Amino acid sequence: MNEAALHGERIDAPAHFLTAWKRAVADANAPIHFGKDDGDDLIAKGRSLVGIYTPPPGIIGVEQPFEVELAPDLPIVQGRIDLVRAEGETLILADIKTAAARTLTDTHAVEAQLALYDLAYPASRHEVIVAAKLKNPVITVQPITPWPIATLVRHYREVHHGMASGVRYGVRGWQCEGCSFASRCRKEG
Ligand code: SF4
């Protein structure tokens, strides 16, 4: 939808969602763990969520690739920015998240993400567009203050040092629910 908006087009998002879902299921070629809901419930939720989304105005970049060097002794970071947009002279960077509530309560990860993006494309405003997977889905634009650069560099240095030293670290998320190592992960903290 954002890509279409970038090119001045409108699309039937729920229909595209269904097509993309069917393609992903066919391409998976493996059993799919749907979690608590069944596939049809998830299709209905996904279609209603994309159905209420309206791309924000002034989109000038979608999935914008970037590369930044945080310090000469650390590997280059590569990534993509969900949305770059402009309102007049104001450059705005946005990340898009789905969530179980209208707004994110824990914003550390997205503060870090936007701090990284800001190094590549210095902007005046930063936000996360939260798509809430509620019975009646809601889209909320939540302002975010990116981490200070020193915090970002220190965190990246610590993570890189841990990885280079072979330290195991968990990346908690939706995938933990179906993970066969979850009990060990919880026990080890
Ligand atoms: S529970 Fe599984 S998926 Fe989640 S952090 Fe631990 S190892 Fe990773």
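Criteria and thresholds
- Residues numbered from 1 in each chain as written.
- Predicted model: local features only at pLDDT ≥ 70, side-chain atom pairs only at ≥ 80, totals over all residues.
- Pairing = 2+ DSSP bridges.
- Helix = DSSP H or I, 4+ residues; strand = E, 2+ residues; numbered from the N terminus.
- Axes fitted to C-alpha atoms, helices over the stretch in contact; angles between N-to-C directions.
- Contact = placed C-beta atoms within 7 Å.
- Buried ≥ 20, exposed ≤ 12 C-beta atoms within 10 Å, placed from the backbone.
- Near = placed C-beta within 6 Å.
- Nonpolar A, V, L, I, M, F, W, Y, C, P; charged D, E, K, R; others polar.
- Left-handed = near helix turned anticlockwise from the far one by under 90°.
- Domains from an automatic or database assignment.

Peer 1: If you had to explain the sheet that holds strand β3 (residues 90-99) to someone new, which residues and values would you point to?
Peer 2: The strands that make up a sheet are held in pairs by hydrogen bonds between backbone atoms, and each pair lies either parallel or antiparallel. Across the sheet, which stays open at both edges, the five strands sit in the order β1-β2-β3-β4-β5 with mixed pairing between neighbours. Looking at strand neighbours, the two that pair on one side only are β1 (59-68) and β5 (138-143), the edges of this open sheet. Between one strand and the next, the sheet's axes are offset by a mean angle of 35°, whatever the strand orientation. Looking at chain direction, β1 and strand β2 (residues 77-87) are connected through eight bridges and run antiparallel. Residue pairing in the sheet places Glu67 in a bridge with Gln78 of β2. Contacts between helix α4 (residues 108-120) and the sheet are confined to β1, β2, β3 and β4 (125-132), with β3 contributing the most and set at about 150° to the helix.

Peer 1: Give a description of unusual backbone geometry that names residues and reports values.
Peer 2: Positive phi, close to 50°, is recorded for Asn29, a residue that is not glycine. Secondary-structure assignment places Asn29 in the loop between α2 (13-28) and α3 (39-52). In this structure, Glu63 takes a positive phi of about 50° despite not being glycine. The topology assignment puts Glu63 in strand β1. Given 13 C-beta atoms within 10 Å, Glu63 falls into the partly exposed group.

Peer 1: An account of the site of the ligand is needed here, citing residue identities and associated values.
Peer 2: The environment of the ligand is made up of Gly170, Val171, Arg172, Gln175, Cys176, Cys179, Phe181, Ala182 and Cys185. Of the residues in the shell around the ligand, the class split is six nonpolar, two polar and one charged.

Peer 1: Go over the packing of α2 against α3, please, and point to the residues and values.
Peer 2: Put simply, α2 and α3 touch, their axes get as near as 8 Å, and they point 140° apart. Crossing handedness for the pair α2 and α3: right-handed. Facing α2, whose interface residues are Ala13, Pro14, Phe17, Leu18 and Trp21, α3 presents Ile43, Gly46, Arg47, Val50 and Gly51. Residue classes in the contact of α2 with α3 are distributed as seven nonpolar, two polar and one charged.

Peer 1: I'd love a proper account of the domain arrangement of the chain, names of residues and values included.
Peer 2: Domain annotation of the chain identifies domain 1 (1-55) and domain 2 (58-188). Each of domain 1 and domain 2 has a C-alpha centre, and these two points are 22 Å apart. Looking at the side of domain 1 that touches domain 2, the elements with two or more residues in it are α1 (2-6) and α3. In terms of residue class, the side of domain 1 that touches domain 2 is made up of six nonpolar, four polar and two charged.

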